[in-house]
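Structure at a glance
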Amino acid sequence: MALLQVDHMTHFFSGLRAVHDFNLAIEPGEIRGLIGPNGAGKTTIFNLITGIYTPTEGKISLNGESLIGLYPHKIASRGIGRTFQDLRLWRHMTVLEHVKMARYSQLTYGLWGAFFDTALRRKEEVESEHRAMELLSLLGVDHLADQLVVNLPYGAQRRVEMARALAIEPKILFLDEPTVGMTPEELVQIMAIIRNIHQKFDLAIFMIEHRLKFVMELCEQIQCLVFGEVIADGNPDDIQNNPQVIEAYLGKDAVEA
Amino acid sequence: MAQTKTTSSPLPRGVKNAVGRLFASVPLLGFLFGFLACVLMEMAVGDQLANLLGLSKMPVLFGIVTIFKAIAGLINTLFKGAAFDPGTLVHIPMALIYFSIVYLAPITIVTRLTSRLANSLADALQQTSLLFSALVHLGLLYAILHFWGGMNDYRLIVLKLTLIAILVTLSLNIINGYMGEFSCSHPGFMAIGAYMSSMFTVGLFVDDKVLGAAKLSFSLAYLSFPLALVFGGLMAAIGALIIAIPSFKTRGDYLAIISLAFLFIIKSLFENVQALGGARGISGQPNWATLPVIFAVVVIGFWAINNFVNSTMGKALNAVRDEESAAEAMTINTRKTKMAAFMFAAFWAGMAGGLLAHVMRYINPSMFGIQKLAEVLAMVYFGGLNSVVGSIVGAVSISLLSEALRPLEILKWIVIPLLLILVMIYRPTGLIAFREFNIRRILQPRRPESKEV
């Protein structure tokens, strides 16, 4: 059984078919890509798996346990970390607070500890801070720990968001267009970071990406989604030469030419 | 003295810098010494000095009331043609002189002179546990409040109400500031706390027309007062649960409307239940809400609320406020977080309501209406969202302001909103918003050289 298994997932937004018969099996440690033109339903697939929407039909399971109908925070604490295309950082919090916050489900001191500052709480907060700093230094933003995220440059914000997603100790990480708006130098750096965390945590990664070069280089297996349907599934070479994919991206003329 | 000269300089920025430099090396302990000196001085010579300056009695709130009384006399002459005694205008400079001699001078001189002593004491306190150090500071603060409030009954009641206002503001800031929702039901929670704790104390220990004869009587009954307060707080928290369940499916304006509806329901409920005195309410609460009791409850409330908002559990509220979907995706149980915070805030509002009932020693439903809501909201938004220090500043300044402006009568309700509008324009989130309260940093000794490093 695969780590993450999605079978025949279909979703309708009140009559509009957003995703149709989507299948996916991600093994531990695998990097998989999902490409497709704008509006194809890529982010909807992320939202379906992470529990923001409940699929109209189909099965989703992580390590053999069904995720259907669970609250997003439950699904996340089972081991699915994610980043957002539009960087949903908390604008009044510092970098360190972001990463500590994502360790919420690992804290056991409860409300009692929160109100009365118990010894357990102090111990856990210190541990959590320690772990958060490790992640920040892994992503090269530990020197910004006390900064408010809104004051950081875009590339650093991306890294903070990734550190935050890693802090929940995921088994699989969902990256929603991790390179949007990045300069070529930042692109090279983020690629190195993704490779690094992939090896270090033996993490499975499922990413949506528009820059084909980036996906081709990182992913072992790629799916191409058009209008909610997978039109191609294979290794980077297959995808690159698949006429349907070229048509979807560049139009019919490009195929014939 | 040279120092007092610099403080009266007309340039605001120059004043700020000068004052900053003047007090740069003064730790909190030094300020407490300074205030204690002021209070002791006022106790010793306040009456004579007031006599000497031609003031009828010792100015109650730092002379502000005296000044506004004179101004109000002038305004009344202009608008209503009332008789005006120009002699009262002399009270304005006299009140200022009184303030300078009794407060300004001692605080500058004593804090400066004792800054070295205070720093070494603060150093010594740092070697001991944080708890001990905090208790010493609190003890001094209590002594100041005790002596200051002890000089005059009016002062004492203003002080008590201000302390209660601090607790209410802190608790409302959890919802409106940290959680970022707009809740209007806080006076309702206070009402529940006030009525329930009164039922406990009046119902059990006092012969009362509404709640019947005393069921118990023993001399140490006042020891049960914390129990009564907690009972009131818990009932308020249960009330919060009732409103939270339907309203947390909605956000923003909808929660404001639902909570406003809850406030009206609670108010009319108490108005119509004759067993609780109906519109006339309950009176004859035992005089148990003394200054030390209120001070202790407010300190404990402050401590617990500050603990909560500084924990990851509490900061989850900020995450929910700033980006709820990201909070969910980062394993935060947003429903539980919101619910817990809402009930926690209501609990402290209920405690504050219980205290209020036993300070006023009567309660009726009209005390917990829209006017109260406006007052509390003003305190929260004036002082600063998402900040416990801001809450204290807001509660103290609005309470004192509304007492000080009392002589202006109806004009008071033009001046205070005007001030609020100005704050909203220039500091939309309040005076001291988004600041964390770090008790260690506040208590530590201050030396200019260590600051520069």
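Residues numbered from 1 in each chain as written. Chains lettered and ligands numbered in written order. Predicted model: local features only at pLDDT ≥ 70, side-chain atom pairs only at ≥ 80, totals over all residues. Heavy atoms only, no water.

Attention now goes to the pattern of salt bridges. All names here are of chain A. Using the criterion set out here, one finds 24 salt bridges over all chains in the structure. Residue R131 pairs with E169 through a salt bridge whose shortest N-O separation is 3.4 Å. Linking R131 in helix α5 (residues 119-138) with E169 in the loop between α6 (154-167) and β7 (172-176), this pair joins segments that are 38 residues apart in sequence. Judged by its relative accessible area of 21%, R131 is partly exposed. (Salt bridge = Lys/Arg side-chain N within 4 Å of Asp/Glu carboxyl O. Helix = DSSP H or I, 4+ residues; strand = E, 2+ residues; numbered from the N terminus. Buried < 20%, exposed > 50% of the residue type's maximum accessible area, 1.4 Å probe, protein only.)

With that settled, consider the domain arrangement of chain B. Residue and element names in this part refer to chain B. Split into domains, chain B comes out as domain 1 (9-134) and domain 2 (152-440). Each side of the interface is counted separately: domain 1 has 18 residues, and domain 2 has 14 residues. Considering only the surface of domain 1 that becomes buried against domain 2, V60, L61 and L130 emerge as the three largest contributors, covering 41% of it. Remark: the boundary between domain 1 and domain 2 carries one salt bridge. With a closest N to O distance of 3.1 Å, E42 and R155 form a salt bridge. For the pair domain 1 and domain 2, the interface holds three residue pairs in polar contact (both at pLDDT 80 or more). Among the elements of the structure, α4 (64-80) and α7 (130-150) are those that each provide at least two residues to the side of domain 1 that touches domain 2. Sorting elements by how many residues they give to the side of domain 1 that touches domain 2 places α4 first, with eight residues. (Domains from an automatic or database assignment. Contact = heavy atoms within 4.5 Å. Buried area = accessible area lost by both parts, 1.4 Å probe. Polar contact = N/O pair within 3.5 Å; in protein donor to acceptor, adjacent residues only side chain to side chain.)

In this structure, W90 of chain A together with F189, F308, F342 and W348 of chain B are the most contacted members of the largest nonpolar core, which totals 181 residues. Here the element with the most residues in this core is helix α15 (residues 334-360) of chain B; it accounts for 14 residues. When sequence neighbours within four positions are dropped, the list of residues in contact with W90 of chain A reads H98, M101, V149 and R164 of chain A together with A319, D322, E323, A326, A327, M330 and I332 of chain B. Listed in part, the 26 residues of the second largest apolar core include L34, I45, I80 and L225 of chain A. (Core = buried A, V, L, I, M, F, W, Y, C linked by side-chain atoms within 4.5 Å.)

A few words now on empty space enclosed by the protein. Leftover empty space is mapped by rolling, across the atoms, a probe with the size of a water molecule. Scanning all chains against the criterion turns up one cavity of 30 Å³ or more. Taken as a whole, the largest cavity spans an internal volume of roughly 30 Å³. As for the largest cavity, its lining consists of Y104 and L111 of chain A together with F308, M313, K336, T337 and A340 of chain B. In terms of residue count, the dominant contributor to the lining of the largest cavity is α15 of chain B (three residues). Of the residues assigned to the lining of the largest cavity, the class counts are five nonpolar, one polar and one charged. (1 Å grid on protein atoms, 1.4 Å probe; cavity = no way out; pocket = protein on both sides within 12 Å on 5 of 7 lines; lining within 4 Å. Points joined across faces, edges and corners; volume = space filled by probe spheres on them. Nonpolar A, V, L, I, M, F, W, Y, C, P; charged D, E, K, R; others polar.)

This brings us to the sheet that holds strand β6 (residues 80-82) of chain A. Residues and elements named next belong to chain A. Strand order across the open sheet formed by six strands is β6-β7-β8-β3-β9-β10, with mixed pairing between neighbours. The two strands at the open ends of the sheet, each matched to only one other strand, are β6 and β10 (229-234). Across this sheet, the average inter-strand angle for adjacent strands is 20°, counted without regard to direction. Both strand β9 (residues 221-226) and β10 contribute to a ladder of five bridges, which runs antiparallel. When the sheet's bridge partners are listed, L225 is paired in β10 with V230. Across the sheet, helix α1 (residues 42-49) lies against β3 (31-35), β6, β7, β8 (204-208) and β9, angled at about 140° from β8, the strand it touches most. Of the strands in this sheet, β6 and β7 touch helix α2 (residues 72-79), which is tilted by about 105° from β6. (Pairing = 2+ DSSP bridges. Axes fitted to C-alpha atoms, helices over the stretch in contact; angles between N-to-C directions.)

The next subject is the domain arrangement of chain A. Residue and element names in this part refer to chain A. The domain boundaries assigned to chain A delineate domain 1 (1-79 + 171-257) and domain 2 (89-169). Computed over C-alpha atoms only, the centres of domain 1 and domain 2 are separated by 27 Å. On the side of domain 2, 14 residues touch domain 1, which itself brings 21 residues to the contact. Interface of domain 1 and domain 2: buried area, both sides summed, is about 1300 Å²; carbon and sulfur atoms make up 73% of it. Where domain 1 meets domain 2, there are zero salt bridges. Counting the contacts that link domain 1 with domain 2 gives two residue pairs in polar contact (both at pLDDT 80 or more). Element by element, the count of residues in the side of domain 1 that touches domain 2 is highest for helix α7 (residues 184-201), at nine residues.

Where interface size is quoted, it is often the accessible area lost as the parts come together. Facing the 32 residues of chain A at the interface are 31 residues of chain B. For the pairing of chain A and chain B, the buried interface totals around 2900 Å² over both sides, and the portion due to carbon and sulfur atoms is 69%. Area buried by chain A at its contact with chain B is led by H73, Y104 and F115 of chain A, which between them contribute 25% of it. At the surface where chain A touches chain B, the tally comes to one salt bridge. In this structure, K315 of chain B engages E97 of chain A in a salt bridge whose closest nitrogen and oxygen atoms are separated by 3.0 Å. For the pair chain A and chain B, the interface holds 15 residue pairs in polar contact (both at pLDDT 80 or more). Residues belonging to the side of chain A that touches chain B are distributed by class as follows: 18 nonpolar, five polar and nine charged.

Residues and elements named next belong to chain A. Ordered by their spatial adjacency, four strands build an open sheet running β2-β1-β4-β5, and the pairing between neighbours is antiparallel. Two strands in the sheet have a free side with no partner beyond their single neighbour: β2 (16-26) and β5 (65-66). Here two bridges tie strand β4 (residues 57-62) to β5, and the two strands are oriented antiparallel to one another. Bridge pairing links L62 to E65 in β5.

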